[in-house]
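# Results of the structural survey
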Amino acid sequence: MTPLLQVSGISKYYDTRLGCRDVSFDLYPGEVLGIVGESGSGKSTLLNCLAGHQEPDTGKVVFDTRADGPKDTVTMSEPERRMLSRTDWAFVHQNPRDGLRMGVSAGGNVGERLMAVGARHYGNIRAAAIDWLDKVEISQDRTDDRPSQFSGGMQQRLQIARNLVTGPRLIFMDEPTGGLDVSVQARLLDLLRGLVRELGLSAIVVTHDLAVVRLLADRLMVMKDGQVIEKGLTDQVLDDPQHAYTQLLVSSVLQV
Amino acid sequence: MIQVENVSKDFTLHNQNSVVIPVMENANMTVMPGECVGLTGSSGAGKSTLMRMIYGNYLTRSGRIMVGDLDVVTALPREILDLRRDTLGYVSQFLRVVPRVPTLDVVCEPMLAVGMAQDVAHARARELLTRLRIPERLWSLSPLTFSGGEQQRVNIARGFAHEYPAMLLDEPTASLDVANRETVLSLIGQAKARGAAIIGIFHDEAARAQVCDREIDVSTFARKAV
């Protein structure tokens, strides 16, 4: 089986400050990779480099494209990369405001991504939008409301619908449940797990919440000071951590 | 089916003065298909640790752990995930599931994961839950709201749903009443009869005597004092 994503030697410096250093991994179809670490550990920098939002200083991000097979997205042309990010890739931001158009209706937010890949028939676009709003448990009578009138949890679900409507194969998620209260968080995790399994999606989830990765991720990478200090099966890393920092991280979780 | 060869394990606690806790050295054991081997030894001897190492949940410092054709010690994460899905089952005392998922779906999940048809999986899940005396009115609820004993029985139903060729059972009969204990022991007996290789930890001696073909004392694997 060809990996969906092959990452090798990704480094990113901000001037002389380290963002992340020499990160390599493979992601296979249907796999969910969690990246944990405290703020400033370089996990968001890494995610942005992988998703093409930032250009890494060194390294390759090889994605198995539908048309041409494995291709380095760092060196591909800007239009090609943009096309990827509209079709095969999705990016769920921590703050839904970064991933939504707040002044456009919920249905419009979902439909826009379809139009960006060439859909033109209004009836079909609206039907697809309503179908996806239903999947993320947003009722049909809210289709024409703006996201600014939605609660935080609903905005996050809308962002997921907008991202998944074009049938991506890889989702990047930056703290998808950050800032949501626990009951909404559980519902969102349940939804994400179901979608990942049903649609066979691969995902890279950045978070600082260990409970979230335990539920969502098959594999885990732990980052500190811009480097990956430990990686492996999620339950193995959490139950038998080897690195001093991971042990500290795991033992610092409060028991409920 | 399961072969443990010269396996060693220790824990290093970096945040507690880097204490190194040796657990075992040169552990060896073999389990054939259709055989149930009981692990014995006092609390803290490393019974659960050995079981978790076989499951790939704990890392192994050295040695080889073969489950079928796969060496768990050196396997890639996704190879271990495949092994857990198809070949190796693990039933612990504790149920760990996503909140809000109904009991019936919790039990069906391992069967759907190996591609069993939805209606066949549902029928088997119903049969198992009935056998384990979980009242039908609870099946549509999340097991997280159940009593401890009920959660444990849901966990057993889930663990025995797919017919794994190899199984690890960590105190499956602890805290069950007599009738349910008998049900679990009969499930283990049936798994043996279809050729499953089983490693179990049973604190209950009568239960152990009933299903285990052999016993292995884990404390003999402890590192000898230098």
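For the structure itself, consult the block above.
Residues numbered from 1 in each chain as written. Chains lettered and ligands numbered in written order. Predicted model: local features only at pLDDT ≥ 70, side-chain atom pairs only at ≥ 80, totals over all residues. Heavy atoms only, no water.

## Brief notes about the packing of aromatic side chains
A complete count under the given rule lists five aromatic pairs over all chains for this structure. Judged by centre distance (5.5 Å) and plane angle (90 degrees), the rings of Phe-63 of chain A and Trp-89 of chain A are edge-to-face. Residue Phe-63 of chain A is found in strand β4 (residues 58–65), and its partner Trp-89 of chain A is found in strand β6 (residues 89–92); the two are separated by 26 residues along the sequence. Just as Phe-63 of chain A is buried, Trp-89 of chain A falls in that class too. Three or more aromatic residues joined by ring pairs form one cluster here, namely Phe-63, Trp-89, Phe-91 and Phe-172 of chain A. The positively charged end of Lys-135 of chain A is found above the aromatic ring belonging to Trp-132 of chain A, 4.3 Å away from the centroid. The ring of Tyr-28 of chain A has Arg-78 of chain B sitting right over it, with the charged end atom 3.6 Å from the ring centre. (Phe/Tyr/Trp six-rings, centres within 6.5 Å; stacked < 30°, edge-to-face > 60°. Helix = DSSP H or I, 4+ residues; strand = E, 2+ residues; numbered from the N terminus. Buried < 20%, exposed > 50% of the residue type's maximum accessible area, 1.4 Å probe, protein only. Lys NZ or Arg CZ within 6 Å of the ring centre and 35° of its normal.)

## Side note on the sheet that holds strand β9 (residues 214–217) of chain B
Hydrogen bonds along the backbone pair up the strands of a sheet, which may run parallel or antiparallel. Residue and element names in this part refer to chain B. Pairing is parallel across the open sheet formed by five strands, whose spatial order is β6-β7-β8-β3-β9. For this open sheet the edge positions go to β6 (88–91) and β9, each flanked by a neighbour on one side alone. Each neighbouring strand pair of the sheet contributes to a mean axis angle of 20 degrees, computed without reference to strand direction. Strand direction decides the pairing type here: strand β7 (residues 166–170) and strand β8 (residues 197–201), joined by five bridges, are parallel. Paired with Asp-170 across the bridge in β8 is Ile-201. (Pairing = 2+ DSSP bridges. Axes fitted to C-alpha atoms, helices over the stretch in contact; angles between N-to-C directions.)

## Focus: the sheet that holds strand β2 (residues 17–27) of chain A
Residue and element names in this part refer to chain A. The strand order β2-β1-β4-β5 describes an open sheet built from four strands, whose pairing is antiparallel. This sheet does not close on itself; its edge strands, each paired only once, are β2 and β5 (69–72). The average undirected angle you get between the axes of adjacent strands in this sheet is 20 degrees. Bridge count for strand β1 (residues 5–14) against β4 is five bridges, and the pairing is antiparallel.

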